[in-house]
Amino acid sequence: MKSIGLYIHIPYCLHKCGYCDFNSHAVDPAEMERFVPALLSEIDHGATRIGEEREVATVFIGGGTPTTLPPQALETLLSHLRQRFRLAGDAEITLETNPATLAPGLFERLREAGVNRLSVGIQSFDAGELKLLERVHSVAEAHETVKAAQAAGFYNLSMDLMFALPGQTARRFRKHLETALALRPEHLSTYNLTIEKNTAFYNMHRRGQLAMAAEEEQLAQYQETLGVMAGAGYEHYEISNFCRPGRECRHNLIYWNNGEHLGLGPGASSYLGGVRSRNCKLPARYIREVNATGRAIEFEETLKPREAMGETLMLGLRLLKGIAIDAFEARFKTSFREVYGKTLDGLLDQNLIQLDDNRIALSPKGLFLADSVILEFIT
Amino acid sequence: MKQNQIRNFSIIAHIDHGKSTLADKLILATGGLEKRQMKDQVLDSMDLERERGITIKAQTVNLRYKSPNGGEYGFNMIDTPGHVDFTYEVSRSLAACEGVLLVVDATQGIQAQTIANLNLAMKHNLSIIPVINKVDLPSANPDSVKEQLEDVLQVEAHDAILASAKEGIGIDELMEAIVERIPPPVGDADKPLKCLLFDAWYDSYRGVIVLVKVVEGSLAVGDAILLMATGRNFVVEELGILTPRAKQVTSFKAGEVGYMIANIKELDQTKIGDTVTHVAQPTDAPLPGYKDVKPMVFSGLYPISGDQYELLRDALKKLTLNDASVSYEAETSSALGFGFRCGFLGLLHMEIVRERLEREYNVELLTTAPTVVYKVITTSGEVIHIDNPSKLKGIKNVDRMEEPYVRGTIIMPEEYIGAIMGLTRDRRGIQTKMEYLAPGTVLLEYHLPFNEIVLDFYDRLKSNTRGYASFDYEFLDFRASNLVKLDILLNGELVDALSLICHKDKVYFLGRDLAKKLKEQIPRQMYEVVIQAAVGTKVLARETIKALRKNVLAKCYGGDITRKRKLLEKQKAGKKKMKQVGKVEIPQEAFLAVLRTDGKS
Ligand SMILES: Nc1nc2c(ncn2[C@@H]2O[C@H](COP(=O)(O)OP(=O)(O)OP(=O)(O)O)[C@@H](O)[C@H]2O)c(=O)[nH]1
Ligand code: SF4
Ligand SMILES: [Mg+2]
């Protein structure tokens, strides 16, 4: 039986963070009431898209902030998923949350509904930084959220932190890492702040009101992170992700291994049978289209072999253990060397990749230059 | 048509003073085209002309004018370009005319090319009808323009035509003036054929099409003709006029202008300015002919990817079929590989040719910085022309070097005199004239090394005068000069395509500035890049581009992998446009960095 990852997008947030270019929109109770039934019908349609022979190994309910939906709606969603899809017995079911939506009894109900992994968007343990990022929660709420989740029985918990914020130093970030580690998460993601188009930060940056950290500073903080996390016994398994042994995010591993996934909800992407597709982003339009046709796909492309290979490398090289060459060759029915021989030689020459019998991975130097390395494999 | 009914004239002016728009109105008023067939500047037919709103190639049209006085006339009108690079188009057109319409923008008055083009017309002894155009504009000042015409150019201006080509004002009056003030041609139709070949182009269906003016005698379909300069014989297949649509006729008599098709296969079988005569009864007094147009600036054109070399060669071959003023010759650069050294009339011409090659022939090009032609005189007296700085290498026994000078004319409001004197001093100019054209407007004349103009002179002139200066130049002579070759080394390796020749007094500043500009334009790479500017073994400047240390998008992109891939593909496409020299990737713009130096930093 083939397995697949399932992603559900909840496109609402209490407030749009300054750096955010995700598909997130202001909460709108009236619209959200129409959104949930639409999502349920898209789930019905999605189930027919993947057919009987695929088993759902992971579910990831992300956003936006899924917990902006009432707990009741999340319960309905989860039970609907169980009805429509064949979920593996040991399925990883992750839900993203934000300390600003903490409510008494919430986590107990989520556990009861089958969620077994929680990803908490903390970003920073400093009030000033939270304000700069336009996060709408306090440091105290962050702590409370993690404690409440653990008290409710979540023993697979992930946190997100951001680094290279304007004015931040490696020392300050180290303290955030230590604070996070003291809360004993099973998993931690650290994201370097980047400035994306169509965000408040982008405009501020353009007007000279927001200074990005210098490259050296970014590098120093990243290196600091690697040191602290290794010292605390976490495994660095992906460029931005660390975990206690065996606690990788299985859902994200599907992406990085360029595996099949079905995405439902506004702006969600799917990869099924060599075809990538994406839903329309605007919730109102999504609701309209699902109600009219059962689906909301606005973009679809069938990948050419060379594109699919490029994507496999683009994603797989993000994993520290890299890509298994035999699996690549079996998948694309071609010799890896034949396709990339010259590129490999160039990169080996510059000491940017490591190559052993069956794996290609970034070298320690290549890790910091991953984008440039990956670019070499793109045509 | 009888000779006394014919009027042959060109429209000449400074750039943008409205020649082509005036031509539109004359075509419309005489019924050459109907309103629904018209568009603005209808004679500017090339894509590039339309996009840039300028005329590049002169166009001839034959119009039929019915005068209210009852007479009927044939107008041969030639719309000419105003830009200095295409002055040659003007001079060859004038040879086919008895008069000109000298168009002057009523808001700008006399500008540099007004004077240059008027001088050409005077050299040809042509009748001049001043047309003061754009009188519809609120800032128009026709009286002051009249005064300038009379005081400065000694052109009779009391009966200048006040016109608005845009609004159609003054057009009827202008047509009458053409009849009355431009003399008809005077050649004897009974003498042996003497015919001026004043334009030629290549048409893929018909072969070479030439424009001729019969000066004496007459020419008919079926005639055996001789092109006197090239010594080739042909038989006339078709004659006709452009109205602007082609209309066939059977013969031309003295004074008439039109096109001729004579089974001429290649453009180089014709020579602009040549005399066409009958094989059987040739004229014994051929026309004086024109001076050859010589390319003034040279640059290396290289395909970005080596496999486009053949494509580029074919493209150049085809393009020169229609533009004989471009020269090309294969060359090799150790940095860029195989390419061509091409010669152009000027910088605009270079830009246009480059754009045409890229667009019409789909070649992706890398252009090296333009250079003028220098002369090296060896101790044995041999003269070597240097159109590529690399050619200096290996010449032994150099006695001296010479560089080309031009006579430059600048017209501008007097308040900028200080700024312009500063600029021309920096550019090693020698002032030879200063004259008030009108209160507040001055004309300055300079002798300037041509290489100083090629490096961004015009833009600086414009920015120093808030756009108010106009500039014209013509080649003067070669002068001995203390010149050196400035080299650029990347990681210790000389990049021949970045070398340039400059005056010894300026090389230090130019070297420093160029190294800095290159540092800005070469993106950081995964290793350090050291840029050095040197003369011989002496390093004048050094800049370092630090190695990229971190380039990793830590962002989690959920499932939107397509977006990420597309982003990378776009980056990659940009990277592919760079030229790899040794290990270093250099973007195209870097090869033109010298154009953005000011040599003053
Ligand atoms: N207001 C006004 N604008 C005019 C008039 N005549 C021309 N123009 C404008 O001036 C600009 C230049 O006109 P062209 O006819 O292309 O000028 P040109 O002399 O042929 O230019 P080149 O061929 O590049 O030397 C255009 O934008 C015309 O619309 C006029 O009488 N009045
Ligand atoms: S909580 Fe997350 S999805 Fe919502 S606005 Fe902030 S960064 Fe964007
Ligand atoms: Mg024009």
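One can find the structure itself at the top, above this paragraph.
Since this is a predicted model, take the numbers as computed values, not measurements.

**Student:** Looking at this structure, I do not really get the overall build of chain B. What am I missing?
**Tutor:** Each helix and strand counted, chain B has 13 helices and 33 strands in total. For a compact globule of 601 residues, the expected C-alpha radius of gyration is about 25 Å, and chain B comes in at 27 Å, within 12% of that figure. Residues classed as buried in chain B amount to 48% of the 601 residues present. For chain B, long-range pairs separated by at least 24 residues make up 70% of all intrachain contacts whose partners lie at least 6 apart in sequence.

**Student:** Can you walk me through the overall build of chain A in this structure?
**Tutor:** Per the secondary structure count, chain A includes 15 helices and 17 strands. Taken over the C-alpha trace, chain A has a radius of gyration of 21 Å; the compact-globule value for 379 residues is 21 Å, and the two agree within 12%. Along the three orthogonal principal directions, the C-alpha set of chain A runs to about 60 × 50 × 45 Å. Going through the 379 residues of chain A one by one, you find that 44% of them count as buried.

**Student:** Where do I start with the site of ligand 2 in this structure?
**Tutor:** As a matter of local geometry, ligand 2 sits amid Cys13(A), Lys16(A), Cys17(A), Cys20(A), Phe22(A), Ser24(A), Gly63(A), Gly64(A), Thr65(A), Asn98(A) and Gly121(A). Across the shell around ligand 2, the residue classes break down as 4 nonpolar, 6 polar and 1 charged.

**Student:** Looking at this structure, I do not really get the interface of chain A and chain B. What am I missing?
**Tutor:** Often, the extent of an interface is quoted as the loss of accessible area upon association of its parts. Of the residues lining the interface, 34 residues belong to chain A; the matching set on chain B comes to 22 residues. At the level of elements, β8 (187-192), α8 (215-231), β11 (261-264), β13 (275-279), α11 (305-316) and α15 (370-375) of chain A are the ones that each hand at least two residues to the side of chain A that touches chain B.

**Student:** Mind showing me how you'd approach the site of ligand 1 here?
**Tutor:** Residue and element names in this part refer to chain B. Among the 21 residues in the neighbourhood of ligand 1, the closest are listed as Gly18, Ser20, Ile54, Thr55 and Gly82. Considering each element in turn, the shell around ligand 1 owes the most residues, 3 residues, to helix α1 (residues 19-29). By residue class, the composition of the shell around ligand 1 is 6 nonpolar, 10 polar and 5 charged.

**Student:** Is there a simple way to think about the environment of Asn258(A) in this case?
**Tutor:** Residue and element names in this part refer to chain A. Tracing the backbone through its elements, the reader meets Asn258 in the loop between α9 (250-256) and β11. Along the backbone, Asn258 and Met314 are 56 residues apart, and their C-alpha atoms lie at a distance of 9.2 Å. Non-local contacts of Asn258, meaning those with residues more than four positions away in its chain, are made with Glu311, Thr312, Leu315 and Gly316.

**Student:** Whenever I open this one, the sheet that holds strand β20 (residues 365-367) of chain B confuses me. Can you help?
**Tutor:** What holds strands together in a sheet is hydrogen bonding between their backbones, with the strands either parallel or antiparallel. Residue and element names in this part refer to chain B. Taken in spatial order, the 4 strands make up an open sheet running β18-β19-β17-β20, and their pairing is antiparallel. On the outer flanks of this sheet lie β18 (327-333) and β20, each paired with one strand and no other. Sheet twist, expressed as the average angle between the axes of neighbouring strands with direction ignored, equals 30°. As paired strands, strand β17 (residues 297-303) and strand β19 (residues 337-344) are joined by 5 bridges and run antiparallel to one another. For Leu301, the partnering residue across the bridge sits in β19 and is Phe340. Strand contacts of helix α8 (residues 347-361): β17, β19 and β20, with the helix running at about 165° to β20, the strand carrying the most contacts.

**Student:** Teacher, can you tell me more about unusual backbone geometry here?
**Tutor:** Most peptide bonds are trans, and most residues other than glycine sit at a negative phi. In the segment running from Gly63(A) into Gly64(A), the intervening peptide bond is cis, with an omega of 20°. Within the secondary structure, Gly64(A) is located in the loop between β4 (54-63) and α2 (71-84). Across the junction of Thr243(B) and Pro244(B), the peptide omega takes the value 5°, indicating a cis bond. Even without glycine at this site, Asn198(A) takes up a positive phi of about 60°. Mapped onto the elements of the fold, Asn198(A) is located in the loop between β8 and α7 (200-206). Even without being a glycine, Gln41(B) presents a positive backbone phi close to 45°.

**Student:** Please explain the pairing of strand β27 (residues 483-490) of chain B as it appears in this structure.
**Tutor:** Looking along a regular strand, one sees side chains alternate from face to face of the sheet. Residue and element names in this part refer to chain B. Looking at chain direction, β27 and strand β29 (residues 500-503) are connected through 4 bridges and run antiparallel. Following the sheet pairing, Leu486 is matched in β29 by Leu500. Examined bridge by bridge, β27 and strand β30 (residues 529-535) share 4 bridges and lie antiparallel to one another. Within β30, the position partnered with Ile488 by the bridge is Ala533. Note that β27 and strand β28 (residues 493-494) share 2 bridges and pair antiparallel. Following the sheet pairing, Leu489 is matched in β28 by Leu494. Here β27 folds back onto β28, and the loop between the two strands holds 2 residues, one of which, Asn491, carries a positive phi near 45°.

**Student:** What exactly am I supposed to notice about helix α10 (residues 283-293) of chain A here?
**Tutor:** For an α-helix, 3.6 residues make a turn, and residues three or four places apart therefore share a direction. Residues and elements named next belong to chain A. Considered for burial, the residues of α10 that qualify are Pro283, Tyr286, Ile287, Glu289 and Val290. For α10, the elements touching its buried residues are β3 (25-26), α1 (29-50) and β13. Looking one or two residues beyond α10, the residue adopting positive phi is Gly294, at roughly 85°.

**Student:** What is the right way to look at helix α4 (residues 112-123) of chain B in this model?
**Tutor:** Residue and element names in this part refer to chain B. For α4, built from 12 residues, the straight-helix expectation of 16 Å at 1.5 Å per residue is met to within 8% by its first-to-last C-alpha distance of 17 Å. Inspection of α4 places Ala112, Gln113, Thr114, Asn117, Leu118, Leu120 and Ala121 among the buried residues, and these make up the whole buried set. With its phi angle positive at about 60°, Asn125 sits one or two positions after the end of α4.

**Student:** Is there a simple way to explain the sheet that holds strand β7 (residues 194-203) of chain B in this structure?
**Tutor:** All names here are of chain B. As summarised here, the arrangement of the 8 strands in space is β11-β10-β16-β7-β8-β15-β12-β13, forming an open sheet in which the pairing is antiparallel. The open sheet terminates on both sides in strands that have one partner only, identified here as β11 (232-235) and β13 (246-249). Neighbour to neighbour, the strand axes of the sheet diverge by 40° on average, direction disregarded. With 3 bridges connecting them, strand β12 (residues 238-242) and strand β15 (residues 257-261) associate as antiparallel partners. When the bridges of β15 are listed, Glu238 appears paired with Ile261.

**Student:** Just checking my understanding: could you explain the nonpolar core for this structure?
**Tutor:** Generally speaking, soluble globular proteins have nonpolar side chains that are buried together. Ranked by size, the top nonpolar core spans 171 residues in total, and within it Val100(B), Leu102(B), Val131(B) and Ile132(B) carry the most contacts. Tallying contributions element by element places strand β8 (residues 207-216) of chain B first for this core, with 7 residues. When sequence neighbours within four positions are dropped, the list of residues in contact with Val100(B) reads Phe9(B), Ser10(B), Ile12(B), Leu94(B), Ala121(B), Leu126(B) and Ile128(B). If you look at the next biggest cluster of nonpolar residues, it comprises 65 residues, including Phe35(A), Leu118(A), Ala149(A) and Ala180(A).

**Student:** For this particular structure, what's the right way to read the pairing of strand β23 (residues 398-413) of chain B?
**Tutor:** Residue and element names in this part refer to chain B. For strand β21 (residues 374-378) and β23, the ladder comprises 4 bridges, and the chain directions are antiparallel. Opposite Thr378, over in β23, you have Val398 as the bridge partner. By the bridge criterion, 10 bridges tie β23 to strand β26 (residues 470-480) in an arrangement that is antiparallel. Looking at β26, one finds that Ile410 is bridged to Phe471.

**Student:** What is the right way to look at the environment of Ile12(B) in this model?
**Tutor:** Tracing the chain through its elements places Ile12(B) in strand β1 (residues 6-13). A C-alpha to C-alpha distance of 8.8 Å links Ile12(B) and Ile78(B), two positions 66 residues apart in sequence.

**Student:** I would appreciate a short explanation of the packing of α1(A) against α10(A) in the present structure.
**Tutor:** The description of two packed helices rests on the angle between their axes and on the distance between the axes. All names here are of chain A. For the pair α1 and α10, interaxial distance at closest approach is 9 Å and the crossing angle is 45°. By the angle between their directions, the pair α1 and α10 is classed as oblique. Seen from above, α1 lies across α10 with left-handed handedness. Listed contacts from α10 to Glu31, Arg34, Phe35, Ala38, Ser41 and Glu42 of α1 are Pro283, Ala284, Tyr286, Ile287, Val290 and Asn291. When the residues that make up the contact of α1 with α10 are grouped by side-chain class, the tally is 7 nonpolar, 2 polar and 3 charged.

**Student:** Looking at this structure, I do not really get the packing of α1(A) against α2(A). What am I missing?
**Tutor:** Residues and elements named next belong to chain A. Running from amino to carboxyl end, α1 crosses α2 at an angle of 15°, the nearest separation of the two axes being 10 Å. In terms of orientation, α1 lies roughly parallel with respect to α2. Crossing angle aside, the handedness with which α1 passes α2 is right-handed. Along the contact surface, α1 presents Val36, Leu39, Leu40, Ile43, Asp44 and Ala47, while α2 presents Ala73, Thr76, Leu77, His80, Leu81 and Arg84. Considered class by class, the residues forming the contact of α1 with α2 number 8 nonpolar, 2 polar and 2 charged.

What counts, and at which threshold
- Residues numbered from 1 in each chain as written.
- Chains lettered and ligands numbered in written order.
- Predicted model: local features only at pLDDT ≥ 70, side-chain atom pairs only at ≥ 80, totals over all residues.
- Helix = DSSP H or I, 4+ residues; strand = E, 2+ residues; numbered from the N terminus.
- Rg over C-alpha atoms; globule rule 2.2 N^0.38 Å.
- Buried ≥ 20, exposed ≤ 12 C-beta atoms within 10 Å, placed from the backbone.
- Contact = placed C-beta atoms within 7 Å.
- Near = placed C-beta within 6 Å.
- Nonpolar A, V, L, I, M, F, W, Y, C, P; charged D, E, K, R; others polar.
- Pairing = 2+ DSSP bridges.
- Axes fitted to C-alpha atoms, helices over the stretch in contact; angles between N-to-C directions.
- Expected span 1.5 Å × (residues − 1).
- Core = buried A, V, L, I, M, F, W, Y, C linked by C-beta atoms within 7 Å.
- Parallel < 35°, antiparallel > 145°, perpendicular 65-115°, else oblique.
- Left-handed = near helix turned anticlockwise from the far one by under 90°.

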